[in-house]
Amino acid sequence: MIRASLRSIAVASLQPVIAVALATALTGCLFQDKVEAFTGPTMGSTYTIKYVRSGDVPAKEVLHGEVEAILADLDKQLSTYRSDSDVERFNALPGGACEPMPQAVRELVAAGDQLSADSDGAFDLTLEPLLNLWGFGPQGRSERVPSEEEIAEARALTGHRHLRIEGDQLCKSVALQLDFNSIAAGYAVDRVIDRLKELGVRSYLVEITGELKAEGRKPDGSPWRVAIEAPRDDQRVAQKIIELDGMGVSTSGDYRNYFELEGRRYSHTLNPLSGRPIEHHLAAVTVIDRSTLRADGLSTALMVLGPEQGLALAERNAIAAFFVVREGQGFATTSTKAFDELFGAGVEQ
């Protein structure tokens, strides 16, 4: 991925994310059910699980073990930061090769294909050569502006048109490389939730490296509440607070992962069509969707498209999105009709 993310917290933020969970664990014996939580490291960051523990839900240790197993499995399949992962095995193959890939890899490639088509190419899972070239990928080593020739050479090795799925095999027509960072966390959230539901959990807030989803009510009847954070790199400030029930949230932004050279700012968010960092004034965009994977991917696509094209695409496709745009020394916000229907217009602080 190529974007800033969300993080679940109890009032204080835990990592570079746009959305923060405001729910805290209930204590005492006012309710038979209670909120429990556990956390841990994953994907170079952390995860946090909050859920309502009722009589038929397994012990916390059981749930913790189930979540850890899912995340370890996905890391082994999807990580571009370990040479023994399935995706890195595929990335090392030459053009014209096919290789059996686990279901998770194939599902994410199929989801990426759909997101690419839905966004007119603004979303692309094959940008690793460009990310490395600009210093933002796993093999990125320097902060410099590459030449037009280098960019053209890297772009020739990108594009979903070079990928195809044949049964359990993934094939590529050129020596492209996949990078799932733009949707892996959202996918992991959905996978973890599916397992928690199988184990009887009905009310939860699941956050993984900033992407999150919440459903149900806490024992006192209150909803899970999340704050969309203002796009500032000096401090964390809640800009709008929303209540979630069965919806996933993802925020992409360009204000924490970038480099500056000769007075110019270069964002880690790359435009697949140019092979260069985005240059518009969109600072951050938050997307709400029942699929956390889709919210994750759409927030990246809208961030690439920018304030005008991104808003137009979101309105055209009834995407619930909240945009924060730089205006001089401050910010202006706008939201789509679908977002306002869910949460109302305006900004709460």
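Here is what the cut-offs are and how they apply
Residue numbers restart at each chain and count upward from 1, following the sequence in its written direction. It should be noted that, the model being predicted, local features are given only for residues of pLDDT at least 70 and side-chain atom pairs only at 80 or more, the latter also being counted only at that level, while totals for whole chains, interfaces and linings use all residues. Side-chain metrics rest on all non-hydrogen atoms present in the structure, leaving aside hydrogens and water. Between rings of Phe, Tyr and Trp, where Trp is taken as its six-membered ring, a pair exists when centres lie within 6.5 Å; planes separated by under 30 degrees are stacked, by over 60 edge-to-face, and by other angles tilted. Comment: elements are numbered from the N terminus, with helices defined as DSSP H or I runs of at least four residues and strands as E runs of at least two. Throughout this description, buried means an accessible area under 20% of the type-specific maximum (1.4 Å probe, protein chains only), exposed means over 50%, and partly exposed covers the range between. Two strands pair under a simple rule: DSSP has to find at least two bridges between them. Axes, fitted as lines to C-alpha atoms, cover a helix only where it is in contact. Angles between the N-to-C directions of the axes lie from 0 to 180 degrees. Throughout, a residue-residue contact means that at least one pair of heavy atoms, one from each residue, lies within 4.5 Å. Cysteine sulfurs are considered disulfide-paired once they come within 2.5 Å of each other. Under the convention used here, Asp and Glu are negative, Lys and Arg are positive, and both His and the chain ends fall outside the count. When a carboxyl oxygen of Asp or Glu is within 4 Å of a side-chain nitrogen of Lys or Arg, the pair counts as a salt bridge. The hand of a helix crossing depends on one turn: near helix anticlockwise from the far one by less than a right angle means left-handed, and clockwise means right-handed. We call Asp, Glu, Lys and Arg charged. Ala, Val, Leu, Ile, Met, Phe, Trp, Tyr, Cys and Pro are nonpolar, and the rest, Gly among them, are polar. UniProt positions are given in the numbering used here, feature names are shortened, and annotations may be inferred rather than shown by experiment. Nitrogen and oxygen atoms within 3.5 Å of one another constitute a polar contact, given that in protein one can donate a hydrogen and the other can accept it, and given that sequence-neighbouring residues count only through two side-chain atoms.

**Re the packing of aromatic side chains**
The description of an aromatic ring pair rests on the distance of the ring centres and on the angle between the ring planes.
1) Next: Counted under the stated rule, the structure contains four aromatic pairs.
2) Next: Arranged with centres 5.0 Å apart and planes meeting at 55 degrees, the rings of Phe 339 and Phe 343 form a pair that is tilted. Here Phe 343 and Phe 339 lie together in helix α8 (residues 337-343), a separation of four residues that amounts to about one turn. Summarising the burial analysis for this pair, Phe 339 and Phe 343 share the class buried.
3) Next: One aromatic cluster is present, built from ring pairs that chain together Phe 38, Tyr 47 and Tyr 51.

**Topic: the sheet that holds strand β18 (residues 330-335)**
1) Next: Spatial ordering of the open sheet is given by β2-β3-β7-β8-β11-β16-β17-β18, a layout of eight strands whose pairing is antiparallel. Two strands in the sheet have a free side with no partner beyond their single neighbour: β2 (34-42) and β18. Neighbour-to-neighbour, the strand axes of the sheet open up by a mean angle of 15 degrees, direction not taken into account.
2) Next: Pairing of strand β11 (residues 247-253) with strand β16 (residues 282-289) involves six bridges; the strand directions are antiparallel. The residue bridging Val 249 from the neighbouring strand is Ile 288, located in β16.
3) Next: Strands in contact with helix α6 (residues 184-198) are β3 (45-53), β7 (204-208) and β8 (211-215); relative to β7, the strand with the most contacts, it is inclined by about 145 degrees.
4) Next: Relative to the sheet, helix α7 (residues 292-316) contacts β8, β11, β16, β17 (320-327) and β18, its axis offset from that of β16 by approximately 130 degrees.

**Brief notes about the state of the cysteines**
1) Next: Within the structure shown, the criterion is met by one disulfide.
2) Next: There is a disulfide in this structure between Cys 98 and Cys 171, and the S-S distance comes to 2.1 Å. Disulfide Cys 98-Cys 171: torsion about the S-S bond near 110 degrees, hence right-handed. With a gap of 73 residues between them, Cys 98 in strand β4 (residues 98-100) and Cys 171 in strand β6 (residues 169-172) connect regions that are remote in the sequence.
3) Next: Taking the relative accessible area as the measure of exposure, Cys 171 reaches 0% and is therefore buried.

**What to know about the pairing of β11**
1) Next: Of all the seven residues making up β11, seven are buried; the element is thus mostly covered by neighbouring parts of the structure.
2) Next: Neither face of β11 is left uncovered, since the one carrying Met 247, Val 249, Thr 251 and Gly 253 and the one carrying Gly 248, Ser 250 and Ser 252 both have all their residues buried.

**A word on the pairing of β7**
1) Next: Across the five residues of β7, five count as buried, placing the element largely inside the fold.
2) Next: Residues of β7 alternate between two faces, with Tyr 204, Val 206 and Ile 208 on one and Leu 205 and Glu 207 on the opposite face, all of them buried.
3) Next: Bridge analysis of β7 against β8 gives five bridges, and the strand direction is antiparallel. Paired with Tyr 204 across the two strands is Glu 215, which belongs to β8.

**Quick word on the side chain of Glu 88**
1) Next: Tracing the backbone shows Glu 88 in helix α2 (residues 86-91).
2) Next: Buried within the structure, Glu 88 lacks any salt-bridge partner; its nearest side chain of opposite charge belongs to Lys 172, at an N-O separation of 9.0 Å.
3) Next: Excluding its chain neighbours within four sequence positions, the residues that come into contact with Glu 88 are Ser 79, Thr 80, Arg 82, Ser 83 and Glu 128.

**So, the sheet that holds strand β5 (residues 163-166)**
1) Next: Spatial ordering of the open sheet is given by β4-β6-β5, a layout of three strands whose pairing is antiparallel. The open sheet has two edge strands, β4 and β5, and neither has a second partner. Strand-to-strand twist of the sheet, defined as the mean angle between neighbouring strand axes without regard to direction, takes the value 25 degrees.
2) Next: As paired strands, β4 and β6 are joined by three bridges and run antiparallel to one another. Each residue of the ladder has a partner; that of Glu 99, found in β6, is Leu 170.
3) Next: Those strands touched by helix α3 (residues 103-118) are β5 and β6, and its axis lies near 130 degrees from that of β5.

**What to know about the packing of helix α1 (residues 60-78) against α6**
1) Next: Running from N to C, α1 and α6 point in directions that differ by 145 degrees, and their axes come no closer than 10 Å. The element α1 and its partner α6 pack so that their crossing is right-handed. In this structure, α1 uses Leu 63, Glu 66, Val 67, Ile 70, Leu 71, Asp 73, Leu 74 and Leu 78 to contact α6, whose residues at the interface are Ala 184, Tyr 187, Ala 188, Arg 191, Val 192, Arg 195 and Leu 196.
2) Next: Class assignment for the residues of the contact of α1 with α6 results in eleven nonpolar, no polar and four charged.

**Examining the pattern of salt bridges**
1) Next: Enumeration over the complete set of coordinates arrives at 14 salt bridges.
2) Next: The partner of Asp 118 in a salt bridge is Arg 294, and the shortest N-O contact between them spans 3.4 Å. Of this pair, Asp 118 sits in helix α3 while Arg 294 is found in helix α7, placing the two residues 176 residues apart along the sequence.
3) Next: Residues Glu 279 and Arg 264 are paired through a salt bridge, measuring 2.4 Å at the closest nitrogen-oxygen approach. In this pair, Glu 279 is assigned in the loop between β15 (276-277) and β16 and Arg 264 in strand β13 (residues 264-267), connecting sequence segments 15 residues apart.
4) Next: Under the relative-accessibility criterion, Glu 279 is labelled exposed at 56%.
5) Next: Within the structure, one salt-bridge network assembled from shared partners comprises Lys 34, Glu 36 and Arg 53.

**Some words on the UniProt feature "binding site: Mg(2+)" (unreviewed entry) in the protein chain**
1) Next: Under the feature "binding site: Mg(2+)" (unreviewed entry), the UniProt entry names Ser 182, Asp 296 and Thr 300. A maximum C-alpha distance of 6.8 Å is found for the annotated residues, which run over 119 residues; spatially they form one tight group.
2) Next: Judged by relative accessible area, Asp 296 falls into the buried class, the value being 0%.
3) Next: Position of Thr 300 relative to the elements: it lies in helix α7.
4) Next: Within the structure, Thr 300 has its side chain in polar contact with the backbone oxygen of Asp 296 (distance 3.4 Å).

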